[in-house]
Amino acid sequence: MGIRVIKSGMADSLRDAGRFGFQHLGIPPSGAMDNVALQVANILVGNPAGAVVLEMHFPAPQLEFNSPTLMALSGADFQATMDGVELPLNQPVLVSTGSVLKFVKPLSGARCYLAVKGSFEADEWLGSKTTNEFAERGGFQGRNLQKGDWLAFAKPFSYEVEESAVMPWTANVRELYPQGPCYLISGAEYELLDDASKQCLNHEPFQIALNSNRMGYRLQSAPMHLGEYKECLSSGVDFGTLQLLPDAQTILLMADHQTTAGYPRLGHVASVSLPSLAQLNAGDSISFQLIEMATAESLFAAQEKHLRQLKNACNFRLQEYLSND
Amino acid sequence: MYGIEKNVEPKIAAFSSDNLRLTCSVEKPFPYRIYPIGDQAITIDFGNLIKDEINAQVMALFYWLKEENLHGIKDIIPAYASISLVYDGALIRKWAGHGLAYQYMEQYLTNALQQLDLLALPSTRELLIPVCYHQSLAPDLKGLCEEKKMDLDEFVAIHTANPYRVYMIGFLPGFAYMGSLDERIVAPRKRTPRTHVAAGSVGIAGVQTGIYPFASPGGWQLIGQTPLSLFNANAGVPTLFQPGDLVQFEPISIDQFYQLKNNPS
């Protein structure tokens, strides 16, 4: 019982909420880029919110289900189809044996997440099942999926249907992705920026460059400078840290970031904005808005609350639906 | 044997071994600054200096925090002169009452620092690491010796004279930033980083020395190589080095290098 990879995508990898507790040894968390989509996909199929999911980019893989399951897609819209029929995002789908999942074209977003009920079987390393490509551990043999791989389900699902069917409820995710500017908490070296650079950070667009990946987004903007040069010692950094590089451009650290770095820290993306950020593609623009810590914390708390409510509602619907038969 | 650690007396003096000429004191904390590095991460910063005494305080605090194991702290990252904590904002906020999770963490760190001098430090491990300085494994050594007008043996003698402290781990899994180098062999990073540095390469950069655990790009000047494997994904603690370790290098011949490399015990 599981999924056969008929065709692999650009970088399909198994991800959970991240490997924590080992950053003092230089081992990054490497969790899902879009932590909200990870949770929504899991919640829709009744999994723990941080269970292992498949993170996909476009071109996305072609997957054949060799046993029935309950699945859900969340995050980017790659126009998914099941046996040729279009599938919605953020809705659970009962899958029949032999169904083939394909993705036609990227309509919006950068990363799509697939969850199945009971989750995938995955290698555990240092307390997490997320992939670490450097150590070649976790996830699916510590690497991205390849054609022919067999992605096993961790638990059997015995609800067999003749034809795949979309369940009649949707997770409303609109409020989980704040529109507009990317919220930023000012960093330790922000005040050292000269006035023009502060203007730039607060008012100019930043474009995501082509050489951006899960480690970091390279941003292109008007050049920025510190009023006074400051040598920084390396110290701990986090997902969302915005650093000023020697070439006067910036880099935003993402899920596979190094654990420490020594460039001036201009700001740190607020948790509530990270999922939206993770759904941007090279060429997209970001504008930043500085917010206070109190605001960042309440926005994050509201997002968490929304996810809890979603979980309660989904569990209720699932129980009702799956037990009525 | 190589790589096997011995434990030094577990007390404050663990960070003041005489051969390092340390005058460590954890009685009075160094001046510090606490600031956020996100809304779920915080840093306590003891300044912008690579200094044994400051790093000793960082390690004391690091091991104290690890021991405390406060629920909701997801990672503790020590560096040269700072510690960063990654925390679960939702959880910490519950305990913060009407305050912010950040304020709770700020207070927690301040209190921790005040309690430090009451506590015994964990023991420091000493590791003996064989390094081969043969020119086939040390592409920058000859040039450095010429530049500094010293012969190779002298350079090696200086590099292996005293143990180094693992100030922090970062850049790559298990990459230990060690120091401080004797000023006679201090050298800047290479102007153009190499695209490929072999795993096990020993490098120097400024007052630091370190070993690449994996083959990777790198800008440090390469002066030797260890045959030991610094990363073992199958071990419970996958990295050979841990923050706070003392590392003594021992020069070995090229024959010994390949012997150890081919027959890791």
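Source: prediction; values computed, not measured.

A closer look at the confidence of the model for chain B
Close inspection of predicted coordinates is inappropriate for parts of the model with low pLDDT.
Residues and elements named next belong to chain B.
Piece 1. Of all residues in chain B, 86% have pLDDT values of 70 or greater, and the mean over the chain is 88.
Piece 2. Residue range residues 6–27 is modelled with pLDDT below 50. Its contacts to residues more than four positions away, or to other chains, number 45 contacts.
Piece 3. Across the predicted assembly, pTM comes out at 0.92 and ipTM at 0.96.

Observations regarding the pairing of strand S2 (residues 33–36) of chain B
Residue and element names in this part refer to chain B.
Piece 1. Sheet topology note: the S2/strand S3 (residues 41–45) ladder contains 4 bridges and is antiparallel. Note that in S3 the partner of Tyr35 across the bridge is Thr43.
Piece 2. Counted along the chain from S2 to the antiparallel partner S3, the turn is 4 residues long, and its residue Gly38 has a positive phi close to 135°.

Structural notes on the interface of chain A and chain B
Piece 1. Listed per partner, the contact involves 37 residues of chain A and 40 residues of chain B.
Piece 2. Looking at the side of chain A that touches chain B, the elements with two or more residues in it are strand S16 (235–236), strand S20 (265–269) and helix H4 (293–323) of chain A.
Piece 3. It is H4(A) that provides the largest number of residues to the side of chain A that touches chain B, a total of 7 residues.
Piece 4. Here the side of chain A that touches chain B is built from residues that sort into 17 nonpolar, 14 polar and 6 charged.

Considerations on the environment of A:Phe239
Residue and element names in this part refer to chain A.
Piece 1. Here Phe239 is to be found in the loop between S16 and strand S17 (241–244).
Piece 2. What makes Phe239 buried here is the crowd of 28 C-beta atoms within 10 Å.
Piece 3. Distance in space between the C-alpha atoms of Phe239 and Pro28 is 9.7 Å, their sequence separation being 211 residues.
Piece 4. With near-sequence residues (within four places) excluded, Phe239 lies in contact with Leu253, Met254, Ala255, His257 and Leu274.

What to know about the sheet that holds strand S1 (residues 2–7) of chain A
All names here are of chain A.
Piece 1. Pairing in this open sheet of 6 strands is antiparallel, and the strands run S7-S6-S9-S4-S1-S11 from one edge to the other. Edge positions in the sheet fall to strand S7 (85–86) and strand S11 (150–152), since each of these pairs with one other strand and no more.
Piece 2. Looking at chain direction, strand S6 (residues 80–82) and strand S9 (residues 100–103) are connected through 3 bridges and run antiparallel. The residue bridging Thr81 from the neighbouring strand is Lys102, located in S9.

Quick word on the environment of B:Gly143
All names here are of chain B.
Piece 1. Relative to the elements of secondary structure, Gly143 occurs in helix H4 (residues 141–148).
Piece 2. We classify Gly143 as exposed; it has 11 C-beta atoms within 10 Å.
Piece 3. Between the C-alpha atoms of Gly143 and Val186, which are 43 residues apart in sequence, the distance is 13 Å.

Quick look at the domain arrangement of chain A
Residue and element names in this part refer to chain A.
Piece 1. Domain annotation of chain A identifies domain 1 (2–173 + 305–323) and domain 2 (182–291).
Piece 2. Look at where the C-alpha atoms of domain 1 and domain 2 centre, and you get two points 30 Å apart.
Piece 3. If you look at the interface, domain 1 gives 17 residues, while domain 2 gives 13 residues.
Piece 4. Broken down by secondary-structure element, the contributors of at least two residues to the side of domain 1 that touches domain 2 are helix H1 (35–44), strand S5 (69–77) and strand S10 (108–116).
Piece 5. For the side of domain 1 that touches domain 2, the class distribution of residues is 8 nonpolar, 7 polar and 2 charged.

Concerning H4(A)
Piece 1. Compared with the 45 Å implied by 1.5 Å per residue over 31 residues, the 45 Å span of H4(A) between its first and last C-alpha is a close match.
Piece 2. Of all the positions in H4(A), only A:Ala296, A:Glu297, A:Phe300, A:Gln303, A:Leu307, A:Leu310 and A:Cys314 are classed as buried.
Piece 3. Looking at the buried residues of H4(A), the elements they touch are H1 and strand S13 (182–186) of chain A together with helix H2 (89–95) and helix H3 (101–115) of chain B.

Looking at the domain arrangement of chain B
Interfaces are frequently sized by the accessible area removed from exposure as the parts join.
Residues and elements named next belong to chain B.
Piece 1. Its domain assignment divides chain B into domain 1 (27–118) and domain 2 (125–262).
Piece 2. Taken over C-alpha atoms, the centre of domain 1 sits 30 Å from the centre of domain 2.
Piece 3. Of the residues lining the interface, 8 residues belong to domain 1; the matching set on domain 2 comes to 8 residues.
Piece 4. A breakdown of the residues in the side of domain 1 that touches domain 2 according to their chemical character gives 6 nonpolar, 1 polar and 1 charged.

Rules and cut-offs
- Residues numbered from 1 in each chain as written.
- Chains lettered and ligands numbered in written order.
- Predicted model: local features only at pLDDT ≥ 70, side-chain atom pairs only at ≥ 80, totals over all residues.
- pLDDT = per-residue confidence, 0-100.
- Contact = placed C-beta atoms within 7 Å.
- Pairing = 2+ DSSP bridges.
- Helix = DSSP H or I, 4+ residues; strand = E, 2+ residues; numbered from the N terminus.
- Nonpolar A, V, L, I, M, F, W, Y, C, P; charged D, E, K, R; others polar.
- Buried ≥ 20, exposed ≤ 12 C-beta atoms within 10 Å, placed from the backbone.
- Domains from an automatic or database assignment.
- Expected span 1.5 Å × (residues − 1).

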